Amino acid sequence: MSMSSSPEPQKLSTQDIVRFDRVGLRYGRGPEVLSDIDLSLRAGTFNFLTGPSGAGKSTLLKLVYLALQPSRGLVSLFGQDISRLPEKSLGDMRRQIGVVWQDFSLIDHLSVYANVALPLRVQGAAPQTYDRNVRELLDWVGLGQRLDASPRTLSGGEKQRAAIARAVISKPKILIADEPTGNVDPEIGHRLIRLFGEMNRMGTTVLIATHDRGLIDQVPARVLHLQDARLYEEVPS
Ligand code: ADP
């Protein structure tokens, strides 16, 4: 792999499901954590986001999830400039994004089953329409015996798998994951990557932040690299 020498503005397309134009982000009065980011994710693509710790990977994912507003520049999702949309529309957009945060953000007072079913409940689906899918998915990620457990009682790896199941259960248009294989052994890591690949084949646009070169080498995907607040695209050599 080699790196392109400067951050090239990427080609814009009407099929861009995510688009950043010269986006800058600073926290409070601090320096820009992200500067002049031009990013386009085409619908149905599989993308990795790499870079050293502190490079801004989580921050970029939060911008895509609309959990942060850019300090400057333009963020568009599903072809719409998000700065022009009311909060309700942003909520509707977020519901089309499955997300795995590094801290998992599971709800402790709900069971594992209820956590995973939550995105479907929020969409108003009736339990009988999703019960089998939720059980099958939890079986597949190895949590079939932990349906009624509280997330509090799960190991780090189990929490991660529950969070991933919750992110994919509603077949979101975009799947974002922050270091999704950080806590699991290699065999489970393989399984999770297969799951992301299957989601992608069904049309989900995938963006995964990771340090894990082994993971990146398993999937023929685009690799974006953050360094010194700038985004570079790795060019396969
Ligand atoms: P990465 O995910 O690549 O490790 P982050 O996006 O978490 O990087 O962080 C990028 C930079 O922004 C770091 O210097 C981090 O300390 C800083 N940062 C992240 N979140 C906040 C916050 N809420 N307030 C202030 N600084 C933050």
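## Overview of the site of the ligand
- If you check the shell around the ligand, you find Y27, V33, P52, S53, G54, A55, G56, K57, S58 and T59 and nothing else.
- Between the ligand and A55 there is a distance of 3.1 Å, counted from an oxygen atom to a backbone nitrogen or oxygen.
- Here an oxygen atom of the ligand sits 2.8 Å away from a polar atom, N or O, in the side chain of S58.
- Looking at which element gives the most residues to the shell around the ligand, the answer is helix α1 (residues 57-64), with three residues.
- For the shell around the ligand, the class distribution of residues is four nonpolar, five polar and one charged.

## With respect to the packing of aromatic side chains
- Evaluation of the coordinates by the stated rule reveals two aromatic pairs.
- With 5.6 Å between their ring centres and 85 degrees between their planes, Y65 and W101 make a pair best called edge-to-face. Residue Y65 is found in the loop between α1 and β5 (72-77), and its partner W101 is found in the loop between β7 (97-100) and α3 (112-122); the two are separated by 36 residues along the sequence. Across the pair, exposure class does not vary: Y65 and W101 are buried alike.
- The ring of W140 is capped by R191, whose NZ or CZ atom sits 5.0 Å from the centre of that ring.

## Describing the pairing of strand β9 (residues 205-209)
- Of all five residues making up β9, five are buried, and the element is well covered by its neighbours.
- Side chains T205, L207 and A209 of β9 all project onto a buried face; the interleaved residues V206 and I208 project onto the opposite face, where all are buried too.
- Relative to β9, strand β4 (residues 46-50) runs parallel, the two being bridged by four bridges. Bridge pairing in β9 links F46 to V206.
- This β-α-β element, strand β8 (residues 174-178) to helix α6 (residues 186-201) to β9, shows right-handed connectivity.

## A look at the pattern of salt bridges
- Counted by the stated rule, this structure contains 14 salt bridges.
- Between D36 and R230 there is a salt bridge; the shortest N-O distance is 3.6 Å. Of this pair, D36 sits in strand β3 (residues 32-42) while R230 sits in strand β11 (residues 230-235), and the two are 194 residues apart along the sequence.
- By relative accessible area, which is 18% here, D36 ends up buried.
- With relative accessibility at 29%, the residue R230 sits in the partly exposed group.
- With its nearest N and O atoms 3.4 Å apart, the salt bridge here joins E158 to R146. Here E158, found in helix α5 (residues 156-168), pairs with R146, found in the loop between α4 (127-140) and α5; they are twelve residues apart in sequence, far enough to count as distant.
- Overall, the relative accessible area of 17% leaves E158 in the buried class.
- Taken together, the shared-partner salt bridges connect R22, E32, D36, R72 and R230 into one network.

Conventions adopted
Residues numbered from 1 in each chain as written. Predicted model: local features only at pLDDT ≥ 70, side-chain atom pairs only at ≥ 80, totals over all residues. Heavy atoms only, no water. Near = heavy atom within 4 Å. Polar contact = N/O pair within 3.5 Å; in protein donor to acceptor, adjacent residues only side chain to side chain. Helix = DSSP H or I, 4+ residues; strand = E, 2+ residues; numbered from the N terminus. Nonpolar A, V, L, I, M, F, W, Y, C, P; charged D, E, K, R; others polar. Phe/Tyr/Trp six-rings, centres within 6.5 Å; stacked < 30°, edge-to-face > 60°. Buried < 20%, exposed > 50% of the residue type's maximum accessible area, 1.4 Å probe, protein only. Lys NZ or Arg CZ within 6 Å of the ring centre and 35° of its normal. Pairing = 2+ DSSP bridges. Right-handed = clockwise from strand over helix to strand, strands pointing away. Salt bridge = Lys/Arg side-chain N within 4 Å of Asp/Glu carboxyl O.

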